[in-house]
Structure formats: structure tokens, C-alpha cells
Amino acid sequence: MDGFENSDLQKIGESAFNECHYLDKVYFAENSQLEVIGKTAFSSSSLSGISIPKNVIRIDEGAFSECDDLQWVDFAPHSKIKIIDKNTFSHSAINTIIIPASVNQISEGAFSECYSLHTINFASNSELKIICKDVFSNSSIDCFCIPSNVEIIHNGWCSHTITLNRISISPD
């Protein structure tokens with residue numbers, strides 16, 4: 001399966017494309033009404049990248065976990081997503097990610113064991129408030145700029161991230 005496209009789809013259910021080893025691409029129409037990507041919806045699939053539509057407000061636990069070929073994730077401009085749930089992208093091959101301004105929480109293990117993850121950027125005017133436990137554990141980030149709105153950083157948020165050598169706090 002090379003891909004699918006549907007603008008009226010509002011939710012991709014739990015494990016909908018789990019272990020789809022030939023699913024390489026998913027296309028969403030610019031006017032996509034998708035709001036929820038369910039638990040383990042694409043886990044262990046062969047996606048190489050995905051663009052998340054702007055109306056997605058929630059990506060559930062493990063939705064893209066163990067996607068060994070997933071190298072990039074783009075969020076649409078003016079994304080409405082609020083929470084990146086537990087283990088959402090864990091064990092994937094993402095190397096760079098830009099966290100949308102609308103995200104206020106990155107949950108436990110969201111990017112854990114992403115050994116290729118070197119760069120994390122936050123959109124300007126980030127609303128991020130909470131960075132949970134093990135969010136970036138066992139990744140390869142070398143520097144991290146904490147957005148100024150962050151109020152809580154849980155223990156172990158970057159445990160075993162041996163390449164991390166610089167942390168700064170955004171002045172704005």
C-alpha cells in the first residue's frame with residue numbers, strides 16, 4: 001500500500017495500520033478534518049515520514065512507535081495539537097522535529113530511544129508547559145533550548161542522552 005487520502009476522516013482508530021509493513025506514505029488533504037490519531041495507529045509500520053494535518057488535536061499513545069523507517073514528521077502551520085502523548089514517536093528514526101506552538105505537554109517517553117534524533121526545535125510562541133519523564137531518554141540530542149513557558153520538567157526527561165552537552169532557557 002503506497003498511501004491513502006481522505007479529507008472527511010475525523011479519527012484514525014487504535015492499531016488501524018499497526019504493522020502495515022508496506023505502508024510507506026499517508027497523504028492528508030489540505031482541508032483534512034482529521035482530529036485524532038489513535039493509540040498505536042501506525043506503530044511498527046514502514047512509514048518514512050508524515051505530515052500531520054492542522055486540525056489534529058490529539059495523537060494517542062504509541063501512535064508512531066517502533067516505526068523504524070520514520071525519519072521525519074511535519075506539523076501543518078497553525079497546528080492545533082495540544083499533547084504529544086506517551087511513547088508517540090518512541091523507537092523511530094526521526095532525526096529532527098519542530099514542536100508546534102500549540103503543544104502544552106510532551107508526555108512520558110514521547111521521543112525515547114529515537115537514536116537518530118539530534119535536533120529539537122520549538123515554534124516561536126511555544127505554549128509548552130510540561131516536559132514529562134523520559135521524553136528524550138536515549139536520544140542523540142546535543143543541545144536543548146527550554147521554551148520560556150515551561151513550568152514543570154519531570155525527573156529523567158533526558159536520561160541516558162549521552163550526547164547532550166548544552167541546555168539553555170529561552171529568554172522569551
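### Section: the overall build of the protein chain
A count of helical and extended segments in the protein chain gives zero helices and 13 strands. Mapped from its N terminus to its C terminus, the protein chain presents α and β elements in the order β-β-β-β-β-β-β-β-β-β-β-β-β. Against the globule reference of 16 Å for 172 residues, the protein chain gives a C-alpha radius of gyration of 15 Å, in line with a compact fold. Taking the principal axes of the C-alpha coordinates as reference, the protein chain spans close to 40 × 30 × 20 Å. For the protein chain, the proportion of its 172 residues judged to be buried stands at 46%.

### Some details on the nonpolar core
Among the nonpolar cores identified, the biggest contains 46 residues, and F64 and F111 are the most heavily contacted of them. When contributions to this core are tallied by element, the ones reaching two or more residues are strand 3 (49-52), strand 5 (72-75), strand 7 (96-99), strand 9 (119-122) and strand 11 (143-146). Residue contacts for F64: discarding those within four places in its chain leaves I37, F42, S43, L47, I50, I52, I59, L70, T88, F89, S90 and S92.

### Some thoughts on the packing of aromatic side chains
The full count for this structure, using the stated rule, is nine aromatic pairs. With 5.4 Å between their ring centres and 10° between their planes, F64 and F89 make a pair best called stacked. Residue F64 is found in the loop between strand 4 (58-59) and strand 5, and its partner F89 is found in the loop between strand 6 (83-84) and strand 7; the two are separated by 25 residues along the sequence. F89 shares its class with F64; the two are buried. With 6.3 Å between their ring centres and 85° between their planes, F136 and W157 make a pair best called edge-to-face. Of this pair, F136 sits in the loop between strand 10 (130-131) and strand 11 while W157 sits in the loop between strand 12 (152-153) and strand 13 (166-169), placing them 21 residues apart in sequence. Site record: aromatic cluster; members linked through ring pairs are F17, F42, F64, F89, F111, F122, F136, F144 and W157.

### Quick look at unusual backbone geometry
Even without a glycine there, the phi angle at E19 is positive, about 60°. Along the chain, E19 falls in the loop between strand 1 (11-12) and strand 2 (36-37). Positioned with a positive phi, H160 is a non-glycine residue whose angle comes to about 60°. For H160, a relative accessible area of 59% corresponds to the exposed category.

### Some words on the environment of V103
Assignment of secondary structure puts V103 in the loop between strand 7 and strand 8 (105-106). Linking V103 and I130, residues 27 residues apart in sequence, is a C-alpha distance of 9.4 Å.

### Some thoughts on the side chain of S90
Along the chain, S90 turns up in the loop between strand 6 and strand 7. Side-chain polar atoms of S90 contact the backbone oxygen of N87, separated by 3.2 Å.

### Remarks on the state of the cysteines
Under the definition given, this model contains zero disulfides. Free cysteine: C132, not disulfide-bonded; nearest cysteine sulfur from C158 at 14 Å. C143 carries a free sulfur, and the closest cysteine sulfur to it, the one in C145, is 8.6 Å from it.

### Things to note about the sheet that holds strand 6
Sheet architecture is open: seven strands sit in the order 1-2-4-6-8-10-12, paired in parallel fashion. Sheet topology places strand 1 and strand 12 at the edges, where each strand pairs with a single neighbour. Sheet topology note: the strand 6/strand 8 ladder contains two bridges and is parallel. The residue of strand 8 that forms the bridge with I84 is I106.

Conventions used here
Residues numbered from 1 in each chain as written. Predicted model: local features only at pLDDT ≥ 70, side-chain atom pairs only at ≥ 80, totals over all residues. Heavy atoms only, no water. Helix = DSSP H or I, 4+ residues; strand = E, 2+ residues; numbered from the N terminus. Rg over C-alpha atoms; globule rule 2.2 N^0.38 Å. Buried < 20%, exposed > 50% of the residue type's maximum accessible area, 1.4 Å probe, protein only. Core = buried A, V, L, I, M, F, W, Y, C linked by side-chain atoms within 4.5 Å. Contact = heavy atoms within 4.5 Å. Phe/Tyr/Trp six-rings, centres within 6.5 Å; stacked < 30°, edge-to-face > 60°. Polar contact = N/O pair within 3.5 Å; in protein donor to acceptor, adjacent residues only side chain to side chain. Disulfide = S-S within 2.5 Å. Pairing = 2+ DSSP bridges.

On their own, these measurements won't tell you what the molecule is for.
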